[in-house]
Amino acid sequence: GEKVEQHESTLSVREGDSAVINCTYTDTASSYFPWYKQEAGKGLHFVIDIRSNVDRKQSQRLIVLLDKKAKRFSLHITATQPEDSAIYFCAASPRNAGAKLTFGGGTRLTVRP
Amino acid sequence: EAAVTQSPRNKVAVTGGKVTLSCNQTNNHNNMYWYRQDTGHGLRLIHYSYGAGSTEKGDIPDGYKASRPSQENFSLILELATPSQTSVYFCASGDAVGGLAEQFFGPGTRLTVL
């Protein structure tokens, strides 16, 4: 089955700098790649996604890049703010997988003042 | 706003005891999911459901059962709890509309098995 690896378990950046979180996946059939954010003591909530028919998507300060050849995707958070501090999870879903997601291990992002 | 609630929020159980975790969603989503979250493992899928009466095994189903008696409710059952099942459990709901598989998560249940 699909395996998703999240390369950075922790990441610390200065406020205003950019943060980049990288993930790789194994199943070439995967076609949907969402990102979730988990704040302390809470459940996950969706932040942005990308599908395999595009290689870049932006939503305000969030940019997702997808490299299908390398089976790699990344989340870029620009102009980071203290409220961006959280755990971020990448996930992948193969086409026709019944909307099942396979998650990476999570990256704890800390934005320093 | 999508709403997924879980009960209890915290639970302490004894080894060998039965534990039932409950989840309710008001999103009218067909799909519901149970995950556990452990440090270093991210979220791992235990069971999921496509609708009332259906349950499917996820990636780590051993030691767990699931029940979906209605569109709104999805339960996770540990018949004989073990300390290795100490974890934080999340329920989620979602629908694969147009290929999109966004899931909406509950706040989690922290389970400790002594």
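As a reminder, the structure under discussion sits directly above these lines.
Predicted model, so just to flag it, every value in this text is computed and none were measured.

Thresholds, definitions, all that
Residues numbered from 1 in each chain as written. Chains lettered and ligands numbered in written order. Predicted model: local features only at pLDDT ≥ 70, side-chain atom pairs only at ≥ 80, totals over all residues. Heavy atoms only, no water. Helix = DSSP H or I, 4+ residues; strand = E, 2+ residues; numbered from the N terminus. Rg over C-alpha atoms; globule rule 2.2 N^0.38 Å. Contact = heavy atoms within 4.5 Å. Areas by Shrake-Rupley, 256 points an atom, 1.4 Å probe, with all protein chains shown as cover. Lys, Arg positive; Asp, Glu negative; His and termini not counted. Charge placed at Lys NZ, Arg CZ, Asp CG, Glu CD. Buried area = accessible area lost by both parts, 1.4 Å probe. Salt bridge = Lys/Arg side-chain N within 4 Å of Asp/Glu carboxyl O. Polar contact = N/O pair within 3.5 Å; in protein donor to acceptor, adjacent residues only side chain to side chain. Nonpolar A, V, L, I, M, F, W, Y, C, P; charged D, E, K, R; others polar. Disulfide = S-S within 2.5 Å. Phe/Tyr/Trp six-rings, centres within 6.5 Å; stacked < 30°, edge-to-face > 60°. Buried < 20%, exposed > 50% of the residue type's maximum accessible area, 1.4 Å probe, protein only. Pairing = 2+ DSSP bridges. Axes fitted to C-alpha atoms, helices over the stretch in contact; angles between N-to-C directions. Core = buried A, V, L, I, M, F, W, Y, C linked by side-chain atoms within 4.5 Å.

Draft legend 1. Inspection of the overall build of chain B at higher detail. The secondary structure content of chain B amounts to zero helices and eleven strands. Taken over C-alpha atoms, the radius of gyration comes to 13 Å for chain B, in line with the 13 Å a tight globule of 114 residues would show. Each of the three principal axes of chain B carries a C-alpha extent, and together these read 45 × 30 × 25 Å. Across chain B, every contact between residues at least 6 apart in sequence was considered, and the portion connecting residues at least 24 apart equals 55%. Carbon and sulfur atoms provide 50% of the accessible area of chain B, an area that totals close to 5200 Å². Positive and negative side-chain charges of chain B, numbering 9 and 9 respectively, have mean locations separated by a distance of 10 Å.

Draft legend 2. Spotlight on the interface of chain B and chain A. Between chain B and chain A, the residue contacts involve 24 residues of the former and 19 residues of the latter. A buried area of about 1600 Å², summed over both sides, lies between chain B and chain A, and 56% of it is on carbon and sulfur atoms. Where chain B meets chain A, there are zero salt bridges. At the surface where chain B touches chain A, the tally comes to two residue pairs in polar contact (both at pLDDT 80 or more). Those elements that provide at least two residues to the side of chain B that touches chain A are β4 (31-38), β5 (42-49) and β10 (103-105) of chain B. Partitioned by chemical class, the residues of the side of chain B that touches chain A number twelve nonpolar, nine polar and three charged.

Draft legend 3. Structural view of the state of the cysteines. This structure, assessed with the given rule, holds two disulfides over all chains. Here C23 of chain A pairs with C90 of chain A through a disulfide, and the sulfurs are 2.0 Å apart. Looking down the S-S bond of the C23 of chain A and C90 of chain A bridge, the torsion is -100 degrees, so its handedness is left-handed. Separated by 67 residues along the polypeptide, C23 of chain A in strand β3 (residues 19-25) and C90 of chain A in strand β9 (residues 86-94) bring together distant segments of the chain. The disulfide that involves C23 of chain B links it to C91 of chain B, with 1.9 Å between the sulfurs. Between C23 of chain B and C91 of chain B, the S-S torsion sits near -80 degrees, and that sign places the bridge as left-handed. Of the two residues, C23 of chain B is situated in strand β3 (residues 19-25) and C91 of chain B in strand β9 (residues 87-94); the sequence distance between them amounts to 68 residues.

Draft legend 4. Quick peek at the packing of aromatic side chains. Applying the stated criterion across every chain yields a total of 16 aromatic pairs over all chains. When the centroid spacing of 6.5 Å and the interplanar angle of 35 degrees are considered together, the rings of W34 of chain B and F74 of chain B count as tilted. Taken as a pair, W34 of chain B in strand β4 and F74 of chain B in strand β8 (residues 73-78) lie far apart in primary sequence, 40 residues in all. Ring geometry for Y48 of chain B versus Y50 of chain B: centroids 5.4 Å apart, planes at 85 degrees, classification edge-to-face. Taking the relative accessible area as the measure of exposure, Y50 of chain B reaches 36% and is therefore partly exposed. Among the aromatic residues, those joined into a cluster by ring pairs are Y36, F46, F89 and F103 of chain A together with Y33, Y35, Y48, Y50 and F105 of chain B.

Draft legend 5. Highlighting the sheet that holds strand β7 (residues 62-67) of chain A. All names here are of chain A. Reading across from one edge, β1-β3-β8-β7-β6 is the order of the five strands in this open sheet, with antiparallel pairing throughout. At either end of the open sheet lies a strand with only one pairing partner, and these are β1 (4-6) and β6 (56-59). Taken over all neighbouring pairs, the strand axes of this sheet differ in orientation by 15 degrees on average, direction set aside. Where β6 lies against β7, four bridges are found, and the strand directions are antiparallel.

Draft legend 6. Local environment of the pattern of salt bridges. Residues and elements named next belong to chain A. Tallied over the entire structure, the rule returns eight salt bridges over all chains. One salt bridge in this structure joins K57 and D49, with 2.6 Å as the shortest N-O distance. We classify D49 as buried; its relative accessible area is 5%. Two residues, D67 and R72, come together in a salt bridge whose shortest N-O distance is 3.5 Å. Since its relative accessible area comes to 30%, D67 is described here as partly exposed.

Draft legend 7. Focus on the nonpolar core. Residues W35, F73 and L75 of chain A are the most contacted members of the largest nonpolar core, which totals 22 residues. Broken down by secondary-structure element, the contributors of at least two residues to this core are β3, β4 (30-38), β5 (44-51), β7, β8 (72-77), β9 and β11 (107-112) of chain A. Listed in part, the 19 residues of the second largest apolar core include Y33, Y35, Y48 and F105 of chain B.

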